[in-house]
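Remarks on the overall topology
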Amino acid sequence: MNAYLNQYQSTQVSTASPERILIMLYDGAIRFVRRGIEAIEAGDRQEKAVTIGKAMAIVSEFRNTLDHEIGGEVAANLDALYDFMVRELVRANVKDDAEPLRAVEGLLSQLRETWLEAVAQAQREQKAQAGKGTSEAATPRPLAATL
């Protein structure tokens, strides 16, 4: 059964839009942070280290892929927020403290919702442009360009 699940997940990722992949990554980071909280509360140091490490990898990738030229001030603010999250993840791991993880979980959840709204807005704008029949509508813009 695990092979079927892996194939399904692989297909989901390979056919997803960049915006959907972003949301999936947020979902993964949130899930790993929650598992880190559970591991700390259960005293499972190995699981804590693994799950916090996975959450940190996702948050670091968010930070590394920011386009400061297109994103400007928004990218700078996200960069600072992601940096804060990485520091909190490290602090939680080193001190066996779930509170920094709860803070990171809240931030990730808020950002996920914000991105969902941005994706919906970008889709509405693309539909509106398509309805006008302009040539600009024929070329989808990356989400970052809509910010």
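I will try to describe carefully the structure that is included in this document.

The geometry of an aromatic ring pair is captured by the separation of the ring centres together with the interplanar angle, meaning the angle of the planes. Here the structure, examined in full by the defined rule, presents 2 aromatic pairs. A ring pair is formed by Tyr26 and Phe62, whose centres lie 4.3 Å apart and whose planes are at 25°; its orientation type is stacked. Here Tyr26, found in helix H2 (residues 18–42), pairs with Phe62, found in helix H3 (residues 45–64); they are 36 residues apart in sequence, far enough to count as distant. According to the relative accessible area criterion, Tyr26 is buried, its value standing at 0%. Here the aromatic rings of Phe62 and Tyr82 are separated by 5.5 Å at their centres, their planes lie at 35°, and the arrangement is tilted. With a gap of 20 residues between them, Phe62 in helix H3 and Tyr82 in helix H4 (residues 68–95) connect regions that are remote in the sequence. Owing to a relative accessible area of 5%, Phe62 belongs among the buried residues under this scheme. A relative accessible area of 2% means that Tyr82 is categorised as buried.

Turning next to the pattern of salt bridges. One pass over the full model with this rule turns up 12 salt bridges. For Glu105, the salt bridge identified is with Arg34, shortest N-O distance 2.4 Å. Taken together, the positions of Glu105 in helix H5 (residues 99–132) and Arg34 in helix H2 put the pair 71 residues apart, joining distant regions of the chain. The exposure class of Glu105 is buried, given its relative accessible area of 18%. Across the pair Arg112 and Glu113 runs a salt bridge, and its minimum N-O distance is 3.1 Å.

Contact pair H4 / H5: the axes reach a minimum separation of 8 Å and the direction vectors enclose 150°. It follows from the interaxial angle that H4 and H5 lie roughly antiparallel. Two packed elements cross with a definite hand, and for H4 against H5 that hand is left-handed. Facing H4, whose interface residues are Leu78, Leu81, Tyr82, Phe84, Met85, Glu88, Leu89, Arg91 and Ala92, H5 presents Pro100, Leu101, Val104, Leu107, Leu108, Leu111 and Trp115. A breakdown of the residues in the contact of H4 with H5 according to their chemical character gives 14 nonpolar, no polar and 2 charged.

The rules we used
Residues numbered from 1 in each chain as written. Predicted model: local features only at pLDDT ≥ 70, side-chain atom pairs only at ≥ 80, totals over all residues. Heavy atoms only, no water. Phe/Tyr/Trp six-rings, centres within 6.5 Å; stacked < 30°, edge-to-face > 60°. Helix = DSSP H or I, 4+ residues; strand = E, 2+ residues; numbered from the N terminus. Buried < 20%, exposed > 50% of the residue type's maximum accessible area, 1.4 Å probe, protein only. Salt bridge = Lys/Arg side-chain N within 4 Å of Asp/Glu carboxyl O. Axes fitted to C-alpha atoms, helices over the stretch in contact; angles between N-to-C directions. Parallel < 35°, antiparallel > 145°, perpendicular 65-115°, else oblique. Left-handed = near helix turned anticlockwise from the far one by under 90°. Contact = heavy atoms within 4.5 Å. Nonpolar A, V, L, I, M, F, W, Y, C, P; charged D, E, K, R; others polar.

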